[in-house]
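Observations on the three-dimensional arrangement
If you want the building blocks of each chain, they are given just below.
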Amino acid sequence: MTSPPTGLRFDDALAIVRDVAVSHRLETETLALSRTHGRILAADVHAPLSLPPFDNSAMDGFALRHADLQDGETTLQLAGEQFAGRALGLAVAPGQCLRITTGAPMPAGADTVVIKENSRVDGDLVTFVAGAVPPGSNVRRAGEDVAAGELVLRAGSLLTPARVSLAASMGLASLPIVRRPTVAVFSSGDELVEPGMALAPGEIYDSNRELLMGLLRADGLEPTAWPRLPDDPKRVEIALRDAACAFDIVITCGAVSAGEKDHIPAVLAQFGQTHFWKVKMKPGMPLLFGSLDQARVLGLPGNPVSVFATYLSFGRALVDGLQGRSEARLAERAQLVAPVDKEHARREFIRARVFCDDHGVLRADPNPATGSHRLRAVADSNALIVIPDGPQRLAAGEVVEVLRYA
Ligand code: AMP
Ligand code: MG
């Protein structure tokens, strides 16, 4: 057996996560439109009809023939009404106009709408005040937004409210969606206690569970928290194998480093496959990635800041890849408020407060806290600054990539 890749460069590790995820893309399901918000589209959608589907009025007013309008005032005969709703099949003859409302189909013969505010009605005569009205004014043309047959939504794109609404406007009642991965979340460690319980000396409260559950929910998933894993190899094995036969993703935190009680890498190596273990990043170096039964397993280190850095970069890539998301997430950049230096070769993630200054420039103020256990500095911040691989000496004002989480 060849030993798994270890000590990978950040980009190489990310490429492995993406490749494995894409090759395990989840199946397609057809969902009612109202269930597709925030999901990933599984197939291209071509417009089944044009938008607008017919020429219609953009304003409340009168439909008429532009050729009938004179330089001064013009009086035309009111020949009927076409309100938004079923087309009545009315026509406008020379010298006539028709009362019309926004969204109503244009009557045959009419090419222009003059707004109500520029008219005077007297019985069945309507006088239009002087003023140039270009031909075609206030008319929305069939197909000017979307032509029937056109590719309007691409496979792999995120269904935003606007895109779901576009599908609705074309009459689509359901869409093909990639199934969302099911996720089992484990925290591990004999020192961990549920909030609400009393602490014995040496114990701490489990904070990573809420961190991971919240991050996964914010990414549109419905994760399941499993009971905490004790630092016992047999029980780790049983719980992980159990979860791995029922979930698409198993995320653990803690017990992936080189300590005597870090049993997860060995369980994965024995019963599954390790795609890599240890990445040149800070924090988060002991990150573990593999496959076990039907699940992809992501073993995150236990320190809260490591959980953040590894989830935002690798966890998200896994979640996106399994859903076939091909639309890249917006890469954000900001100007450093203070200089940042590092000597080591690893990619580094630093807590920061990102804000928009008075000139409209996004700026990142690095938090001086060091130590990947310091959760409060994460809570006081709203982003991680990404400091590239290799020694860096970044001055204030330099532009860095930021991963915003709040
Ligand atoms: P480990 O990766 O298991 O060596 O854990 C690294 C550090 O993170 C230790 O100080 C653990 O106590 C802490 N830690 C691990 N899991 C959690 C958790 N779920 N909540 C809070 N701290 C944790
Ligand atoms: Mg531990």
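These numbers come from a predicted model, not from an experiment.

1. A look at the sheet that holds strand E7 (residues 96–100)
- What the six strands build is an open sheet, ordered E8-E5-E7-E6-E10-E9; its pairing is mixed. Edge positions in the sheet fall to strand E8 (112–115) and strand E9 (119–122), since each of these pairs with one other strand and no more. Going from strand to strand, the sheet's axes swing by 40 degrees on average, the running direction of each strand aside.
- Judged from the four bridges that link them, strand E6 (residues 74–82) and strand E10 (residues 125–128) form a sheet pairing that is antiparallel. When the sheet's bridge partners are listed, Leu76 is paired in E10 with Val126.

2. Thoughts on the side chain of Glu332
- By the element assignment, Glu332 lies in strand E23 (residues 332–336).
- There is a polar contact of 2.6 Å between the side chain of Glu332 and the side chain of Arg404.
- Ignoring sequence-local partners within four residues, the contact set of Glu332 consists of Leu362, Val400, Glu401, Val402 and Arg404.

3. Re the packing of helix H3 (residues 208–218) against helix H6 (residues 304–322)
- At their nearest, the axes of H3 and H6 sit 10 Å apart, and the two run at 20 degrees to each other. One element, H3, and the other, H6, form an angle in the roughly parallel class. Crossing hand, H3 versus H6: right-handed. Contacts between H3 and H6 involve Asn208, Leu211, Leu212, Leu215 and Leu216 from the first element and Pro304, Val307, Phe308, Tyr311 and Leu312 from the second.

4. A few points about the site of ligand 1
- The local shell around ligand 1 holds 13 residues, among which Glu191, Asp206, Ser207, Ala255 and Gly302 are the closest.
- For ligand 1, a nitrogen atom lies 2.8 Å from a polar atom in the side chain of Asp206.
- Ala255 is positioned such that a nitrogen or oxygen atom in its backbone is 2.9 Å from an oxygen atom of ligand 1.
- Surface burial for ligand 1 is 76%, taken as the share of its 480 Å² of free accessible area covered by protein chains.
- Considered class by class, the residues forming the shell around ligand 1 number four nonpolar, seven polar and two charged.

5. Considering the environment of Val319
- Counting through the fold element by element, Val319 comes out in helix H6.
- Between the C-alpha atom of Val319 and that of Val183, which follows or precedes it by 136 residues, the distance is 9.5 Å.
- In this structure, Val319 is in contact with Leu221, Ile249 and Tyr311, ignoring residues within four places of it in sequence.

6. A word on the domain arrangement of the protein chain
- Its domain assignment divides the protein chain into domain 1 (6–26 + 180–322), domain 2 (30–51 + 152–178), domain 3 (56–140) and domain 4 (332–404).
- For domain 3 versus domain 4, the separation of C-alpha centres amounts to 60 Å.

7. What to know about helix H1 (residues 10–23)
- For H1, which comprises 14 residues, the first-to-last C-alpha distance of 20 Å matches the rise-based estimate of 20 Å (1.5 Å per residue) to within 8%.
- Residues of H1 that are buried include every one of Phe10, Ala13, Leu14, Val17, Val20 and Ala21, and no others. The arc that holds every buried residue of H1, seen down its axis, measures 130 degrees, which confines them to one face. Structural note: H1 exposes Asp19, Val22 and Ser23 on the side pointing more than 90 degrees away from its buried face.

8. Comments concerning the sheet that holds strand E22 (residues 295–300)
- Taken together, the seven strands give an open sheet; going across it, the order is E1-E19-E21-E22-E18-E14-E17, and neighbouring strands pair in mixed fashion. This sheet does not close on itself; its edge strands, each paired only once, are strand E1 (6–8) and strand E17 (224–225).
- Sheet analysis places strand E19 (residues 273–279) next to strand E21 (residues 288–292), joined by four bridges and oriented antiparallel. Directly across from Thr274, in E21, lies its bridge partner Gly290.
- Packed onto the sheet, helix H5 (residues 264–271) meets strand E18 (249–253), E19, E21 and E22 and runs at close to 35 degrees relative to E21.

9. A closer look at the pattern of salt bridges
- Considering all chains together, one arrives at 22 salt bridges under this definition.
- Across the pair Asp248 and Arg179 runs a salt bridge whose closest N-O atoms are separated by 2.8 Å. Here Asp248 is found in the loop between helix H4 (233–244) and E18, whereas its partner Arg179 is found in the loop between strand E13 (174–178) and strand E14 (183–187), with 69 residues between them in sequence.
- You can call Asp248 buried: its relative accessible area is 7%.
- Residues Lys234 and Glu237 are paired through a salt bridge, measuring 3.3 Å at the closest nitrogen-oxygen approach. A residue pair is termed a helical-turn pair when its members lie 3 or 4 positions apart in one helix, as Lys234 and Glu237 do in helix H4 at three residues.
- When its relative accessible area of 12% is taken as the criterion, Glu237 is described as buried.
- Residues participating in the shared-partner salt-bridge network are Asp11, Arg347 and Asp389.

10. Focus on the pairing of strand E26 (residues 362–366)
- Inspection of the sheet shows E23 paired to E26 by two bridges, in the parallel sense. Residue pairing across strands places Gln335 opposite Arg363, the latter belonging to E26.
- Once strand E25 (residues 347–356) ends, the chain turns through five residues before running back antiparallel as E26, passing Gly360 with a positive phi of about 80 degrees.

11. Notes on the side chain of Arg347
- Counting through the fold element by element, Arg347 comes out in strand E25.
- On the accessibility criterion, Arg347 (12% relative accessible area) is buried.
- At 3.1 Å, the side chain of Arg347 forms a polar contact with the side chain of Asp11.
- If we ignore the near neighbours within four places in the chain, the residues touching Arg347 are Phe10, Asp11, Lys280, Met281, Lys282, Val386, Ile387, Pro388 and Asp389.

12. Quick notes on the packing of aromatic side chains
- Going through the model one piece at a time under the given rule, you end up with eight aromatic pairs.
- Connected via pairs of aromatic rings, a cluster forms that spans Phe10, Phe276, Phe289, Phe314 and Phe349.
- The ring of Trp277 is capped by Lys278, whose NZ or CZ atom sits 4.3 Å from the centre of that ring.

Cut-offs and rules
- Residues numbered from 1 in each chain as written.
- Chains lettered and ligands numbered in written order.
- Predicted model: local features only at pLDDT ≥ 70, side-chain atom pairs only at ≥ 80, totals over all residues.
- Heavy atoms only, no water.
- Pairing = 2+ DSSP bridges.
- Helix = DSSP H or I, 4+ residues; strand = E, 2+ residues; numbered from the N terminus.
- Axes fitted to C-alpha atoms, helices over the stretch in contact; angles between N-to-C directions.
- Polar contact = N/O pair within 3.5 Å; in protein donor to acceptor, adjacent residues only side chain to side chain.
- Contact = heavy atoms within 4.5 Å.
- Parallel < 35°, antiparallel > 145°, perpendicular 65-115°, else oblique.
- Left-handed = near helix turned anticlockwise from the far one by under 90°.
- Near = heavy atom within 4 Å.
- Areas by Shrake-Rupley, 256 points an atom, 1.4 Å probe, with all protein chains shown as cover.
- Nonpolar A, V, L, I, M, F, W, Y, C, P; charged D, E, K, R; others polar.
- Domains from an automatic or database assignment.
- Expected span 1.5 Å × (residues − 1).
- Buried < 20%, exposed > 50% of the residue type's maximum accessible area, 1.4 Å probe, protein only.
- Arc of directions from axis to C-beta.
- Salt bridge = Lys/Arg side-chain N within 4 Å of Asp/Glu carboxyl O.
- Phe/Tyr/Trp six-rings, centres within 6.5 Å; stacked < 30°, edge-to-face > 60°.
- Lys NZ or Arg CZ within 6 Å of the ring centre and 35° of its normal.

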